[in-house]
Amino acid sequence: MTEAAVCPVMHERDHPLQPPVGFAEAVSDGPVKMLWPNGVEAWVVSSYAGVRQVLSDPRFSTRKGGHPEMRTDEGEPVVDADQPGNINGIDGEAHMRLRRPLARGFMVKRMNELRPRIQQIVDEHLDVMEAKGAPADLVGSLCLPLPSLVIAELLGVPPEHQELFQATAREMFGKNGSKDEYIAHATKLGEVLSPIVAEKKAAGTNDDMIGLMANDTDFSMQELIFLCIGLLAAGHETTSNFLGLFTLHLFEQPDQLEILRRDPSRADVIVEELMRYTVGQLGGVGITRRATEDVEVDGVLIKAGDWVSVSLLANLDEELCPRAEELDLERDAVSHLGFGFGPHQCLGANLARAELQIGLRSLFTRFPNLRPAVQVTEMSYRNDMITYGAAAIPVVW
């Protein structure tokens, strides 16, 4: 029987843009069993092939999955698997029943139609940032408001409610919140959403995501509200953090930044490489599943009932690409795992790509001399959320 190792604390980093101290060494020999601080034992899979297997094999259930730090001391998820609309906590046809209609709203064609509006939002925020003058906080000036405004408009949330949604979602999906706090935040958002949904249902409109769900699906009111909450949270927090982290990695590697400055038209390919590398450098673990039967992964037998967490280090696996531990913005795009894999792959990947491409290209085109106002290592970083990121990025130009 394999004994569980002590899991390194996920936020102890020698450098804010490098993986947690000791984690890569701890998981380098294939699936290893670790003990999380809350007492949950889980196998950690870190190879590219192994992660793809866990995320695509139906024998690994998301019903008892989620993020290992979003659990009670007893090891159960903060979000109940039976919560109506919990798309990330169900499998099979029940999952696809919710996912199929939502996927229509995130198709490439729809995202391409949104690009002019995304560009307008970026330009408006960069105008304000330039007018106020340096130094500026890039997180508050662009990284956070950009995806927040886009996802709120895509869903159809009125402007007067957007600030509330942003603040409440940030608190709701924090790693350290209790189950009671989570329910309180969800209730607060639900109270605002209910009349919005009812109004769109009465009008019979489907020109935004809430209207589409209200009028073109069989979703219950509970399902619809919880789906909206999840989309709002996922739509702003992750993209905001990645836009900031991408910028910081470029500050730290000026030779790579010069590649973007020299040819910003390649922003689509550049964003894919930045996503691969940045997710890999986050290290730690991302998604957790539970085996429903005995399964072999990378030569190790994982027993039915065992927890399995996939490591973000898989994006730095040499099996994915040569020199995988290096950032190379001249590299052709590869099939990275930055947006997940399998049936639960990120629904908003096309939206995130559009925001990151437009945001990054516009930022360095408008401010070709953009640089950090303080050392990257002196900036403050957020460890209280599921997605790690900078709390503020002071810049000058």
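Residues numbered from 1 in each chain as written. Predicted model: local features only at pLDDT ≥ 70, side-chain atom pairs only at ≥ 80, totals over all residues. Heavy atoms only, no water.

What follows deals with the sheet that holds strand E10 (residues 371-372). Spatially, 3 strands are ordered E5-E13-E10 in an open sheet, and the strand pairing comes out antiparallel. Looking along the sheet, the strands with just one partner apiece sit at the ends: strand E5 (136-137) and E10. Looking at chain direction, E10 and strand E13 (residues 394-396) are connected through 2 bridges and run antiparallel. Opposite Pro372, over in E13, you have Val395 as the bridge partner. (Pairing = 2+ DSSP bridges. Helix = DSSP H or I, 4+ residues; strand = E, 2+ residues; numbered from the N terminus.)

Moving on, we get to the pairing of strand E9 (residues 307-311). Counting buried positions along E9 gives 5 out of 5 residues, so the element sits mostly inside the fold. In E9, alternate side chains face the same way, and those of Trp307, Ser309 and Ser311 on one face and Val308 and Val310 on the other are all buried. Note that strand E6 (residues 285-291) and E9 share 4 bridges and pair antiparallel. For Arg289, the partnering residue across the bridge sits in E9 and is Val308. (Buried < 20%, exposed > 50% of the residue type's maximum accessible area, 1.4 Å probe, protein only.)

Any space left empty among the atoms is revealed by the rolling of a water-sized probe across them. Counted according to the given criterion, the structure contains 2 cavities of 30 Å³ or more. In this structure, the second largest cavity spans a volume of roughly 40 Å³. Contributing to the lining of the second largest cavity are Arg13, Pro16, Leu17, Leu245, His249, Thr278, Gln281, Leu282 and Tyr388. Those elements that provide at least two residues to the lining of the second largest cavity are helix H10 (221-252) and helix H12 (267-282). At 3 residues, H12 tops the list of elements feeding residues into the lining of the second largest cavity. Its residues placed into classes, the lining of the second largest cavity shows 5 nonpolar, 3 polar and 1 charged. (1 Å grid on protein atoms, 1.4 Å probe; cavity = no way out; pocket = protein on both sides within 12 Å on 5 of 7 lines; lining within 4 Å. Points joined across faces, edges and corners; volume = space filled by probe spheres on them. Nonpolar A, V, L, I, M, F, W, Y, C, P; charged D, E, K, R; others polar.)

Here we take up unusual backbone geometry. Look at the link from Ala134 to Pro135: it is a cis peptide, with omega at 0°. Summarising the element assignment, Pro135 is placed in the loop between helix H4 (108-132) and E5. The backbone of Arg323 shows a phi angle near 50°, a positive value even though the residue is not glycine. Tracing the backbone through its elements, the reader meets Arg323 in the loop between E9 and helix H13 (349-366).

Attention now goes to helix H6 (residues 145-155). Where burial is concerned, most of H6 is hidden: 9 out of the 11 residues are buried. Gly156 occupies a position one or two residues after H6 and carries a positive phi of about 100°.

Two elements, strand E1 (residues 5-6) and strand E2 (residues 32-35), share 2 bridges in a ladder whose sense is parallel. If you follow Ala5 over to E2, its bridge partner there is Met34. In terms of strand pairing, E2 meets strand E3 (residues 41-45) through 4 bridges, oriented antiparallel. If you follow Val32 over to E3, its bridge partner there is Val44.

Per the counting criterion, the structure on display carries 18 salt bridges. Measuring nitrogen to oxygen at the nearest pair gives 3.2 Å for the salt bridge that ties Arg331 to Glu273. Of this pair, Arg331 sits in the loop between E9 and H13 while Glu273 sits in helix H12, placing them 58 residues apart in sequence. Taken individually, Arg331 and Glu273 each receive the classification buried, so the pair is uniform in this respect. Each of Arg97, Asp218 and Glu223 takes part in a single network of salt bridges with overlapping partners. (Salt bridge = Lys/Arg side-chain N within 4 Å of Asp/Glu carboxyl O.)

All right, on to the environment of Pro159 then. Here Pro159 lies in helix H7 (residues 159-172). For Pro159, a relative accessible area of 64% translates into the label exposed. Linking Pro159 and Leu149, residues 10 residues apart in sequence, is a C-alpha distance of 8.5 Å.

Another aspect to go through is the packing of H12 against H13. As a packed pair, H12 and H13 sit with axes 9 Å apart at the nearest point and diverge in direction by 110°. When the axis of H12 is compared with that of H13, the two are roughly perpendicular. On the side of H12, the interface is formed by Ala267, Asp268, Val271, Glu272, Leu274 and Met275, while H13 contributes Arg353, Leu356, Gln357, Leu360 and Arg361. In the contact of H12 with H13, the residues fall into 6 nonpolar, 1 polar and 4 charged. (Axes fitted to C-alpha atoms, helices over the stretch in contact; angles between N-to-C directions. Parallel < 35°, antiparallel > 145°, perpendicular 65-115°, else oblique. Contact = heavy atoms within 4.5 Å.)

With that settled, the discussion passes to the packing of H6 against H10. Two numbers describe how H6 lies on H10: the axes approach to 8 Å, and their chain directions differ by 155°. One element, H6, and the other, H10, form an angle in the roughly antiparallel class. Relative to H10, the crossing made by H6 is right-handed. On H10, the residues that touch Leu146, Pro147, Ser148, Ile151, Ala152 and Leu155 of H6 are Cys228, Leu231, Leu232, Gly235, His236, Thr239, Ser240 and Leu243. Grouping the amino acids of the contact of H6 with H10 by side-chain chemistry returns 9 nonpolar, 5 polar and no charged. (Left-handed = near helix turned anticlockwise from the far one by under 90°.)

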